[in-house]
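Chain by chain, the residues run as shown.
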Amino acid sequence: MFKKTILSVALTTLLSQPFYTFAAESADLQALRAEMAQLKLHYEQLEKRLQQAEVHAQQAQASSQQAVVASQQAIEVTRDQAAPSPTTSSESAFNPAMSLILAGTYGQMKQDPALPATGFAMNSNPGHQQGFNLGESELGITANIDPQFRGVATMALAPAGGITVENAFIQNTSLGNGLNLKFGRFFSGLGYLNEQHAHAWDFVDQPLVYATMWNNQIGEDGVQLKWLAPTDMFIELGGEIGRGRSFPATDRQNRNGTGAGTIFAHIGDDIGFEHSWRAGASLYDTKRVNAASAGVPDLLGTVGGVNTQFSGDSRTMGLDFVWKYSPNGNTANRYLKVQGEYFSRRETGMLTYNAAVTDTFSNTQSGWYLQSVYQFMPHWRAGMRYDQLNPGTATVGALNASNVISNYAFKPTRTSVMLDYSPSEFSRLRLQLAKDQSRQGLTDNQLFVQYIMSLGAHGAHQY
Amino acid sequence: MKKIVAVLVLLFTHTTAHAEINIFACEPEWAALTQLLAGKQATIYTATGALQDPHRVEARPSLIAKARRANLVVCTGAELEVAWLPVILRESGNSAVQFGSAGYFSAAQSVKMLDVPTHLDRANGDVHAGGNPHIQTDARNFLPIADALSKRLVQLDPANSAYYQQQLATFNQQWHAALVKWEKQAAPLQGVSILVQHDGFPYLNQWLGMKQIASLEPKPGMEPSASYLKSVLTTLQQHPVKMVIRAAYQDARPSEWIAERAHIHAVSLPYTVGGSDQAVDLFGLFDDTIARLLAGLK
């Protein structure tokens, strides 16, 4: 009998609703009547079926008590709509979502990690750590601030003490129209790997091209605006301006204006259910002011190298792609990921050799990597990566022609393999071996063991 | 440059030509339900397939692009999509479908959640604070969800409210009839002891009255070790079961390993629309689920 009540209520609503909506339109009245007649017929049929069902239910009661209990339960559930469980769909209830990454490595290598790749002494060299070391612990705090803004802070806790602010940005989530505004301190959106935090890397270290050209990762203090096209295919355009906080920019301080600018574009899509890809291009532009480097080798073979200073324009062009494949699209079981990136940097300006001789200097350096990671069974992945750099051939002004090395005639390379095991989504253990031939004549066989553990809020991962 | 602009304009005009509601459904069961309730008014995109683990989906560029144009995102909620949906919604630049807005619909909010942990600790595995999110395994849950979803469609597209209400009435009528049929068919499953591969069936068990003796995952989301599987075998000597059940997207090996040793049936359930050849729609999903469970009794 519950059924009857429900049905009459449903039908009353059903019948009154179209009437209410269309009553004024006399032209539709005829159609409405026909519809109502049909509905009435429908109702009568329903009632008939209901009676049958009730007879069935009574029969069932006679034979088995349980069947009726079950069918009554079904009806109760429909009536019990008033008592759903309250659930929070937001990433936090009210307190910010907190996450802490604990990571550490053991590194073993033959060569001094402070040695730069040949031809890249004027670049960044984040190097490795030998022996046991804690690595950075990363504390993340995230919350929606109000309906408009979301805040993200990531603090890196250095093992020796001290906190550095890795990310501290605000995101506007309410602009709509495919616009995404971010401001504060953030990882630049250029390339593919740059935005990924260290705990999401597939290898212990960044590719050589990232280490030498972006000091592992380029962060910016500034504003980023992205626009996503309203198309079936993923097409995203973005731009950033900022102070030029990190290498290769020289941190514009105490001056108005901006120190660096970036534009990038990404496109991506699926191919069937099992394949997906993303490709991108980026351009980074900065004006370097008194960029100092120490220990730069010279033509005279000065022991320990010399100090140089460069001032001028620096423009980096990048291409990136990633392709992922997973049988049935189920990444929990098995997947294959192939990615590669290429960066080329053109620098033109004045070089001061050993704090004495200044003349023109221009050079184009480039580098690329290609890597693949294969999850061959749940929780287990293996990966391989090949790195290559090209120091370029510099055009050196006459005054420095006998001082500065213009052509190193050597291409630094490195090959790495890794195996990692993730007992759960929150923990990962990794073994990595590398043959590093980035320094001429100094082949280095490297071994790393790493753990990455994530505590607290379950952050969503980027593609 | 002109060409690029022309292409962009073309793409833009092409994609805005449709007047219907654009729906982004996280899982196939919600796509199927929305299809029944919104009928011709909706263009539906399904973000995951039946053979994908809905916990572990990548925030792929294509998903972000689809969410960008969605008027309504229909998902389970209850943290099932926590590893990917937040990135997609954020990156979509679509303010209409963010969490908490009218354009985001969480099915879990309409039903009574089971297995809500009283104690939140990851030492217990990948537990969900909101309760077990696999609500689609109890057919009765679709009634309150359909009701809430239909209301949401009306809210977003009031011009077609009559149509949505009619679709809902039709659905309710058909579903009630189907429930009576399914429960009658499933009567022999009442009180039957089972093993599960992943703790994804509390709603199904509650509905059909099956008794879960153990799970092949020591903790939710953890792969079983050989020693753990052996301990399950020992449990089975004291508490015999009829079958071990798993979702279609799960690796068959753990189920088959135990089925062979305990001489029980390994039953793969479609779990959602598209999970088996018979589960072509929501009705087929439960027809097939019950048929497979009954086959497991033999």
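These figures come from a predicted structure and were not determined experimentally.

J.: Can you break down the overall build of chain A residue by residue, with the values?
T.: Scanning chain A from N- to C-terminus turns up four helices and 18 strands. Taken across its 463 residues, chain A has 35% of its residues classed as buried. Counting only contacts in chain A whose residues sit at least 6 apart along the sequence, the fraction spanning at least 24 positions is 60%.

J.: With reference to specific residues and values, describe the domain arrangement of chain B.
T.: When the parts of a complex come together, some accessible area is lost, and that lost area is often used as the size of the interface. All names here are of chain B. Under the domain assignment, chain B is made up of domain 1 (2-179) and domain 2 (187-297). Of note, the centres of domain 1 and domain 2, computed from C-alpha atoms alone, are 27 Å apart. Among the elements that line the side of domain 1 that touches domain 2, the one with the most residues is helix α2 (residues 28-38), at four residues. Classifying every residue of the side of domain 1 that touches domain 2 gives eleven nonpolar, nine polar and seven charged.

J.: Any details on the sheet that holds strand β1 (residues 21-25) of chain B? Residues and values, ideally.
T.: Residues and elements named next belong to chain B. If you trace the four strands from one edge of the open sheet to the other, you get β2-β1-β3-β4, paired in parallel fashion. Whereas interior strands pair on both sides, the edge strands pair on one side only; in this sheet they are β2 (42-46) and β4 (104-106). Direction aside, neighbouring strands of the sheet carry axes that sit 20° apart on average. Of the pairings in the sheet, the one linking β1 to β2 comprises five bridges and is parallel in character. Bridge pairing in β2 places Phe24 opposite Tyr45.

J.: Please set out the sheet that holds strand β6 (residues 211-215) of chain B residue by residue, giving values where relevant.
T.: By definition, the strands of a sheet pair up through backbone hydrogen bonds, in either a parallel or an antiparallel sense. Residue and element names in this part refer to chain B. With parallel pairing, the four strands of this open sheet are ordered in space as β6-β5-β7-β8. Both edges of this open sheet fall to β6 and β8 (265-269), since each of them pairs with a single strand only. Averaged over all neighbouring strand pairs, the angle between strand axes comes to 35°, with direction disregarded. Looking at chain direction, strand β5 (residues 193-196) and β6 are connected through four bridges and run parallel. Counted as the bridge partner of Val196 is Ser215 from β6. Along the sheet, helix α10 (residues 282-297) makes contact with β7 (243-247) and β8, crossing β8 at roughly 180°.

J.: Describe unusual backbone geometry, and please don't skip the residues or the numbers.
T.: All names here are of chain A. Omega for the bond connecting Phe247 with Pro248 falls within 30 degrees of zero, at 5°, which places this linkage in the cis form. When you line up the elements, Pro248 lands in the loop between β8 (234-242) and β9 (260-271). Even without glycine at this site, Asp251 takes up a positive phi of about 55°. Its place among the elements puts Asp251 in the loop between β8 and β9.

J.: How would you explain the packing of α2(B) against helix α5 (residues 142-156) of chain B if you had to name every residue and give the values?
T.: All names here are of chain B. Where α2 contacts α5, the axes come no closer than 10 Å and their chain directions differ by 55°. Classified by the interaxial angle, the pair formed by α2 and α5 is oblique. Relative to α5, α2 is oriented so that their crossing is right-handed. In this structure, α2 contributes Leu33, Thr34, Leu37 and Ala38 to the contact, and α5 contributes Phe142, Ile145, Ala146, Leu149, Ser150 and Leu153.

J.: Account for α10(B), naming residues and giving values.
T.: Residues and elements named next belong to chain B. If you check α10, its first and last C-alpha atoms are 23 Å apart, about what 16 residues at 1.5 Å a residue would give, namely 22 Å. The complete set of buried residues in α10 reads Leu282, Leu285, Phe286, Thr289, Ile290, Leu293 and Gly296. On an axial view of α10, the arc spanned by its buried residues comes to 120°, and they lie on one face. The inward-facing, buried residues of α10 contact α2, α5, α6 (161-185), β7 and β8.

J.: Break down the confidence of the model for chain A for me, citing the residues and quoting the values.
T.: Residue and element names in this part refer to chain A. Overall, the predicted model of chain A reaches an average pLDDT of 84, with 79% of residues at or above 70. Long-range and interchain partners of residues 9-25, a stretch whose pLDDT sits below 50, account for 20 contacts in this model, where long-range means more than four residues apart. Note that residues 60-83 has pLDDT below 50 and, in this model, 31 contacts with residues that lie over four places away or in other chains.

J.: Mind laying out the nonpolar core, listing which residues take part and the relevant values?
T.: Counting 99 residues, the largest nonpolar core has Leu33(B), Leu37(B), Val73(B) and Val74(B) as its most contacted members. The element contributing the most residues to this core is α6(B), with eight residues. If sequence neighbours within four positions are ignored, Leu33(B) has contacts with Phe142(B), Ile145(B), Ala146(B), Leu149(B) and Leu282(B). Grouped together as the second largest cluster of nonpolar side chains are 35 residues, Val209(A), Ala249(A), Trp277(A) and Val404(A) included.

J.: How would you summarise the pairing of strand β5 (residues 163-172) of chain A if you had to cite specific residues and measurements?
T.: All names here are of chain A. Bridge analysis of strand β4 (residues 149-157) against β5 gives nine bridges, and the strand direction is antiparallel. Bridged to Phe149 within β5 is Asn172. Linking β4 to β5, which pair antiparallel, is a turn of five residues; within it Gly161 sits at a positive phi near 105°. What sits between the antiparallel neighbours β5 and strand β6 (residues 179-187) is a turn of six residues, in which Gly176 has the positive phi angle 70°.

Conventions adopted
Once a new chain begins, its residue numbering starts again from 1 and follows that chain's sequence as written. Working convention: letters from A go to chains and numbers from 1 go to ligands, in the order in which they are written. Side-chain atom pairs in this predicted model are given and counted only at pLDDT of 80 or more, local residue features only at pLDDT of at least 70, and totals for whole chains, interfaces and linings cover all residues. A helix here means a DSSP run of H or I that spans at least four residues, while a strand means a run of E at least two residues long, and both kinds are numbered starting from the N terminus. Buried, partly exposed and exposed are defined by the number of other C-beta atoms within 10 Å of a residue's own C-beta, namely 20 or more, between the two limits, and 12 or fewer respectively, with C-beta atoms placed from the backbone. We call two residues in contact when the distance between their C-beta atoms, placed using the backbone, is within 7 Å. Domain limits in this description derive from either an automatic procedure or a database domain assignment. We call Asp, Glu, Lys and Arg charged. Ala, Val, Leu, Ile, Met, Phe, Trp, Tyr, Cys and Pro are nonpolar, and the rest, Gly among them, are polar. Here a strand pair is declared whenever DSSP counts at least two bridges between the two strands. Helix axes are fitted only over the stretch in contact, all axes being lines through C-alpha atoms; the angle between N-to-C directions runs from 0 to 180 degrees. To sort the angles, those under 35 degrees are grouped as roughly parallel, those over 145 as roughly antiparallel, those from 65 to 115 as roughly perpendicular, and the leftovers as oblique. Working rule for handedness: look at the near helix, and if it is turned counterclockwise from the far one by less than a right angle, call the crossing left-handed; if clockwise, right-handed. Multiplying 1.5 Å by the residue count of a helix minus one yields the expected span of that helix. The arc in question is the one spanned by the directions pointing from the helix axis to the C-beta atoms. Per-residue confidence from the predictor is reported as pLDDT, which spans 0 to 100. Each nonpolar core comprises buried Ala, Val, Leu, Ile, Met, Phe, Trp, Tyr and Cys residues, the members being joined through C-beta atoms within 7 Å.

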